[in-house]
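# Summary of the model geometry
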Amino acid sequence: MAILLKGAAVSAALTAYTQVRAQALIQRGIMPKLAIVRMGERPNNLSYEKNAIKCCEKVGVQWERFLLPEDAKQQDLEDIIHLINQNDSFHGCLMFRPLPPHIDEGEVCSLLRPDKDVDGITAASISGVYTDSGEGYPPCTAKACMVLLQHYGIPVSGKRVVVIGRSLVIGKPVAMLLLQQDATVTLCHSKSENIKEICREADILIAAIGKMELIEAGYLREDGTQTVIDVGIHVRADGTLAGDVNFAQVEPRVAAITPVPGGVGSVTTSILVSHLVSAAENLSRRAQE
């Protein structure tokens, strides 16, 4: 039976540390505040939003929602981003993506002030991940994968890691974070040939392709030594949640695996609020210079 890499313990430790930092700011009259921007009512966004708000409340920081219908105009969304940029009470912004097809997502992301980009959506933050400059913040889910591996003592340096999915939200940035930790990384995608054979060679497999339960027993070796990180989150017809990994098939064949729900997602929200507090700390530091 595989070890379950549950996110609750990881999240609790990170949240406790973030709470201490937040209280130090509050005692100095600085209240960290998160702006949450959402278009439409996608179930996975609603679930993440609920958990993000819960984490904010645990830490003791403020939040405010900006909600738009899925068919809202581009200008309506841009007006919200401008408002967040100009309002100094907001230290960070979470904008749910992907945005509806009629929205120019790249344009909207470019409008957000980089110092308020706590989820790694601007060019400045992405550049920081790729150049290892320390500037900005990496996407929260990508960083959550790294924090989870570290918490459970799963070594990355020198290991073969296969990442399935090449999005700027998870796949590409987590590959860069892994390289920073001296992993040997293979980035696969929907056009990759012999993908099952590649996955069977991995010490660590990170599934972030966005297809429900795509990864099944055929993607794994039979020696039971691999670790699987499932980043996917999907809603089945019966309302239950599933990941990119077929848990029932994969769990018996690996050494360790993240459950869905209860794995990467719960860590991601803690990372988000940690980034928010960091942004508030940085703003306070600049004000004193």
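Structure's up top.
The structure contained in this document is the topic of the report that follows. By convention here, each chain's residues receive numbers from 1 onward along its written sequence. With the structure being a predicted model, the display of local features is reserved for residues of pLDDT at least 70 and the display and counting of side-chain atom pairs for 80 or more, all residues being used for whole-chain, interface and lining totals. Values reported for side chains reflect all heavy atoms of the structure, with hydrogen atoms and water molecules removed beforehand.

To continue, consider the side chain of serine 270. Among the structural elements, serine 270 can be located in helix α10 (residues 264–288). Polar side-chain contacts of serine 270 include one of 3.2 Å to the side chain of threonine 15. Strands here are runs of E lasting at least two residues and helices are runs of H or I lasting at least four, both read from the DSSP assignment and numbered beginning at the N terminus. Whenever two N or O atoms come within 3.5 Å, that pair is a polar contact, provided that in protein one can donate a hydrogen and the other can accept it, and provided that, for residues adjacent in sequence, both atoms are side-chain atoms.

With that settled, the discussion passes to the packing of aromatic side chains. Pairs were defined over the aromatic rings of Phe, Tyr and Trp, the Trp ring being its six-membered one, requiring ring centres within 6.5 Å. Orientation was assigned from the angle between planes: stacked under 30 degrees, edge-to-face over 60, tilted for the rest. Considering all chains together, one arrives at 2 aromatic pairs under this definition. Consider the rings of tyrosine 48 and phenylalanine 96, whose centres lie 5.8 Å apart with planes at 90 degrees: the pair is edge-to-face. With tyrosine 48 in helix α2 (residues 43–59) and phenylalanine 96 in the loop between β4 (92–95) and α4 (105–111), this pair connects stretches of sequence that are 48 residues apart. Ring centres of phenylalanine 66 and phenylalanine 90 lie 5.7 Å apart, and the angle between their planes is 65 degrees; this geometry places the pair in the edge-to-face category. Separated by 24 residues along the polypeptide, phenylalanine 66 in strand β3 (residues 62–68) and phenylalanine 90 in the loop between α3 (74–86) and β4 bring together distant segments of the chain. Partly exposed describes any residue whose relative accessible area lies between the buried limit of under 20% and the exposed limit of over 50%, with all areas from a 1.4 Å probe on protein chains only and scaled to the type maximum. Residue class for phenylalanine 66 comes out buried when judged on its relative accessible area of 12%.

Our focus in this paragraph is the pairing of β4. Neither face of β4 is exposed, since Gly92 and Leu94 on one face and Cys93 and Met95 on the opposite face are all buried. Strands are labelled as partners when DSSP assigns at least two bridges between them. Here 4 bridges tie strand β2 (residues 33–39) to β4, and the two strands are oriented parallel to one another. By the bridge assignment, isoleucine 36 is partnered in β4 with leucine 94.

Next up on the list: the sheet that holds strand β5 (residues 160–164). Strand order in the open sheet formed by 6 strands is β1-β11-β8-β7-β5-β6, and the pairing between neighbours is parallel. What marks the edges here is a single partner per strand, and that holds for β1 (3–4) and β6 (184–188). In the sheet, β1 pairs with strand β11 (residues 256–257) via 2 bridges, with the strands oriented parallel. Along β11, the bridge assignment pairs isoleucine 3 with alanine 256. Whether two residues touch is decided by their heavy atoms; if any such pair falls within 4.5 Å, the residues are in contact. Where helices are involved, their axes are fitted lines through C-alpha atoms of the stretch in contact, as for all axes, and angles between N-to-C directions lie from 0 to 180°. On the sheet, helix α6 (residues 140–151) packs against β7 (204–207) and β8 (227–230) and is oriented at approximately 145 degrees with respect to β8. Helix α7 (residues 171–180) contacts β5, β6 and β7 of the sheet and is inclined by roughly 170 degrees relative to β6.

Okay, α6 next. To estimate how far a helix should reach, multiply one less than its number of residues by 1.5 Å. An ideal rise of 1.5 Å per residue puts 16 Å on 12 residues; α6 measures up with 16 Å between its terminal C-alpha atoms. For α6, a buried count of 9 out of 12 residues is recorded, marking the element as mostly surrounded by other parts of the structure. Glycine 153, located one to two residues past α6, shows a positive phi value of around 65 degrees.

We now examine the nonpolar core. Nonpolar cores were defined as sets of buried Ala, Val, Leu, Ile, Met, Phe, Trp, Tyr and Cys residues, with membership established by side-chain atoms within 4.5 Å. Residues Leu178, Ile206 and Ile229 are the most contacted members of the largest nonpolar core, which totals 52 residues. Only α1 (7–27), β2, α2, α6, β5, α7, β7 and α10 provide two or more residues apiece to this core. Sort the elements by how many residues they give to this core and α10 lands first, with 9 residues. Setting aside chain neighbours within four positions, we find isoleucine 206 in contact with Cys145, Val161, Val162, Val163, Ile164, Val174, Leu178, Ile229 and Val231. Grouped together as the second largest cluster of nonpolar side chains are 19 residues, Leu68, Ile80, Ile81 and Leu99 included.

On to the environment of arginine 253, then. Summarising the element assignment, arginine 253 is placed in the loop between α9 (247–250) and β11. The class of arginine 253 is partly exposed, set by a relative accessible area of 24%. Spatially, the C-alpha atoms of arginine 253 and alanine 123 are 39 Å apart, while their sequence positions differ by 130 residues. Those residues within four positions of arginine 253 in sequence are excluded, and the remaining contacts are Ala217, Leu220, Arg221, Glu222 and Gly224. A distance of 3.3 Å separates a polar side-chain atom of arginine 253 from the backbone oxygen of leucine 220.

With that out of the way, let us pick up the pattern of salt bridges. A pairing counts as a salt bridge when a side-chain nitrogen of Lys or Arg comes within 4 Å of a carboxyl oxygen of Asp or Glu. Evaluated as defined, the whole model comprises 12 salt bridges. Note that arginine 38 and glutamate 49 form a salt bridge whose closest N and O atoms lie 2.7 Å from each other. With a gap of 11 residues between them, arginine 38 in strand β2 and glutamate 49 in helix α2 connect regions that are remote in the sequence. Taking relative accessible area as the criterion, arginine 38 reaches 4% and is therefore assigned buried. Among the ionic pairs, lysine 196 bridges to glutamate 216, the shortest N-O distance being 3.1 Å. Placement of the pair is lysine 196 in helix α8 (residues 195–200) and glutamate 216 in the loop between β7 and β8, with a sequence separation of 20 residues.

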